[in-house]
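# Secondary and tertiary structure notes
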Amino acid sequence: MNLLVLGRGKTGALVAEVAEQRKHRVRVAGTKENENGVALTPDSLKLIDAVIDFTTPHCVLANIEACVKADKNMIVGTTGWYQELDRIRALVEQNKTGFLYTPNFSLGVNLFLDVARVAAIALCHDYSGQIFERHHATKKDAPSGTAIALRRVIGDASGKKDEVEITSFREGEVVGLHEVVFESGADRIYLCHDAKSRRGFAEGAVRAAEWLAAKKGFYDFKDVWREL
Ligand SMILES: NC(=O)c1ccc[n+]([C@@H]2O[C@H](COP(=O)([O-])OP(=O)(O)OC[C@H]3O[C@@H](n4cnc5c(N)ncnc54)[C@H](OP(=O)(O)O)[C@@H]3O)[C@@H](O)[C@H]2O)c1
């Protein structure tokens, strides 16, 4: 595929590397190459099959709108924009493009979400729940999109919405650590996912782009990762 990776930061740079290893042709655009959306006009996207976005909450909505209007499939790893999810879903469906997003492209984290979904029944048996998340000091949003997804999964599975508090820590070089703790008078249950590197995100994002090729519609990675 001809892929455009938006963002040459910690994750975008690795996505480009993994995509090249998987034999795709890759162009990368950071802030400079995409000034005023210049990398995302229908003309600049003419030869591109799909756009992968790992940028910032500030610019991601403008990037999405430009790609959808240019009729391009898009894979979005950037977090911090989900308050606009319904509007973007409507835009994608109206324009009949392909769109796939997730706060976490790691297969391990998606498996972890399934484990948390099963364990959430604890809240119906005298346990209280807490989520702790740790990330590197330069992460811009808090709580993390993955922590919010964990809280939603636990709330949906237990029927106890918003009962689980999230505590965020920003320190050092932590790639991404998420813990769920259920506690009763008798014991504690600890569930933990600790990302060792960003490679899991990058591989998931590139494989998601391959999965989305020639598809149309709005997809959440948690519903499709088993098909990769
Ligand atoms: N879904 C997942 O699996 C996953 C995994 C990791 C991270 N993330 C999310 O992905 C995002 C990026 O994370 P990161 O750790 O890679 O951040 P980062 O290292 O700060 O990189 C962000 C990059 O965005 C670029 N950028 C800013 N505005 C832009 C624009 N208008 N057009 C193109 N590029 C632009 C910046 O370019 P310059 O350097 O040129 O200014 C920078 O390289 C965050 O929202 C993070 O939460 C998601």
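Up top is the structure.
Our subject in this report is the structure included herewith.

## Thoughts on the overall build of the protein chain
Across its full length, the protein chain holds seven helices and 10 strands. Taking 228 residues into account, the globule formula puts the C-alpha radius of gyration at 17 Å, and the protein chain, at 18 Å, falls close to it. Its C-alpha atoms give the protein chain principal-axis dimensions of about 65 × 40 × 30 Å. Expressed as a percentage of its 228 residues, the buried residues of the protein chain come to 48%. For the protein chain, the proportion of contacts with a sequence separation of at least 24, taken over those separated by at least 6, is 69%. Of the roughly 11300 Å² of accessible surface on the protein chain, a fraction of 50% belongs to carbon and sulfur atoms. Taking the 31 positively charged and 31 negatively charged side chains of the protein chain as two groups, their mean positions are separated by 5 Å.

## So, the nonpolar core
Core analysis: the largest hydrophobic core is formed by 24 residues, its most contacted members being I64, W81 and F99. The set of elements that each furnish at least two residues to this core consists of β1 (2-6), α2 (60-69), β4 (73-76), α3 (85-95) and β5 (98-101). Residues in contact with W81, not counting those within four places in the same chain, are V60, L61, I64, V76, I88, F99 and Y101. Listed in part, the 23 residues of the second largest apolar core include V5, V15, A19 and F105.

## Digging into the sheet that holds strand β2 (residues 25-29)
Strands sit in the order β2-β1-β3-β4-β5-β10 across an open sheet of six strands; the sheet is parallel. Across the chains shown, the open sheet's two edge strands, defined by having one partner strand only, are β2 and β10 (217-220). Recorded for the sheet is a direction-independent mean angle of 15° between the axes of neighbouring strands. Judged from the three bridges that link them, β4 and β5 form a sheet pairing that is parallel.

## What about the site of the ligand?
Residues in close proximity to the ligand total 24 residues, the closest being K10, T11, T31, T79 and F105. At a separation of 3.0 Å, a nitrogen atom of the ligand approaches a polar backbone atom of T102. Residue P103 places a main-chain N or O atom 3.1 Å away from a nitrogen atom belonging to the ligand.

## Quick notes on the packing of α2 against α3
A pair of packed helices is characterised by two quantities: the angle between their axes and the separation of those axes. Contact geometry of α2 with α3 gives a least axis separation of 10 Å together with a crossing angle of 10°. When the axis of α2 is compared with that of α3, the two are roughly parallel. Between α2 and α3 the crossing geometry is left-handed. Only R87, I88, L91, V92 and N95 of α3 make contact with α2, whose side of the interface consists of L61, I64, E65 and V68.

## Observations concerning the pattern of salt bridges
Per the stated rule, a full pass over the model turns up 15 salt bridges. Linking R22 and E210 is a salt bridge whose minimum nitrogen-to-oxygen distance equals 2.9 Å. Of the two residues, R22 sits in the loop between α1 (10-21) and β2 while E210 sits in helix α6 (residues 199-212), which places them 188 residues apart along the sequence. Judged by its relative accessible area of 38%, R22 falls in the partly exposed class. Using a relative accessible area of 27% as the deciding quantity, one classes E210 as partly exposed.

## Here's the deal with α3
By the burial criterion, the buried members of α3 are L85, I88, L91 and V92. Buried positions in α3, seen along its axis, are confined to an arc of 125° and lie on one side of it. Among the exposed residues of α3, those pointing more than 90 degrees away from its buried face are D86 and Q94. Packing partners of the buried residues in α3 comprise α2, β5 and β10. Looking at the residues trailing α3, positive phi occurs at K96, about 55°.

## Looking at unusual backbone geometry
Of note, the amide linkage connecting A142 to P143 takes the cis form, showing an omega dihedral of -5°. As for its placement among the helices and strands, P143 is situated in the loop between β6 (128-135) and α5 (145-158). Despite not being glycine, D71 shows a phi value in the positive range, around 70°. Looking at where D71 falls in the secondary structure, it is placed in the loop between α2 and β4. The exposure class of D71 is partly exposed, given its relative accessible area of 48%. The phi torsion at D126 lies on the positive side, around 65°, for a residue other than glycine. Secondary-structure assignment places D126 in the loop between α4 (107-119) and β6.

How each quantity is defined
Residues numbered from 1 in each chain as written. Predicted model: local features only at pLDDT ≥ 70, side-chain atom pairs only at ≥ 80, totals over all residues. Heavy atoms only, no water. Helix = DSSP H or I, 4+ residues; strand = E, 2+ residues; numbered from the N terminus. Rg over C-alpha atoms; globule rule 2.2 N^0.38 Å. Buried < 20%, exposed > 50% of the residue type's maximum accessible area, 1.4 Å probe, protein only. Contact = heavy atoms within 4.5 Å. Areas by Shrake-Rupley, 256 points an atom, 1.4 Å probe, with all protein chains shown as cover. Lys, Arg positive; Asp, Glu negative; His and termini not counted. Charge placed at Lys NZ, Arg CZ, Asp CG, Glu CD. Core = buried A, V, L, I, M, F, W, Y, C linked by side-chain atoms within 4.5 Å. Pairing = 2+ DSSP bridges. Axes fitted to C-alpha atoms, helices over the stretch in contact; angles between N-to-C directions. Near = heavy atom within 4 Å. Polar contact = N/O pair within 3.5 Å; in protein donor to acceptor, adjacent residues only side chain to side chain. Parallel < 35°, antiparallel > 145°, perpendicular 65-115°, else oblique. Left-handed = near helix turned anticlockwise from the far one by under 90°. Salt bridge = Lys/Arg side-chain N within 4 Å of Asp/Glu carboxyl O. Arc of directions from axis to C-beta.

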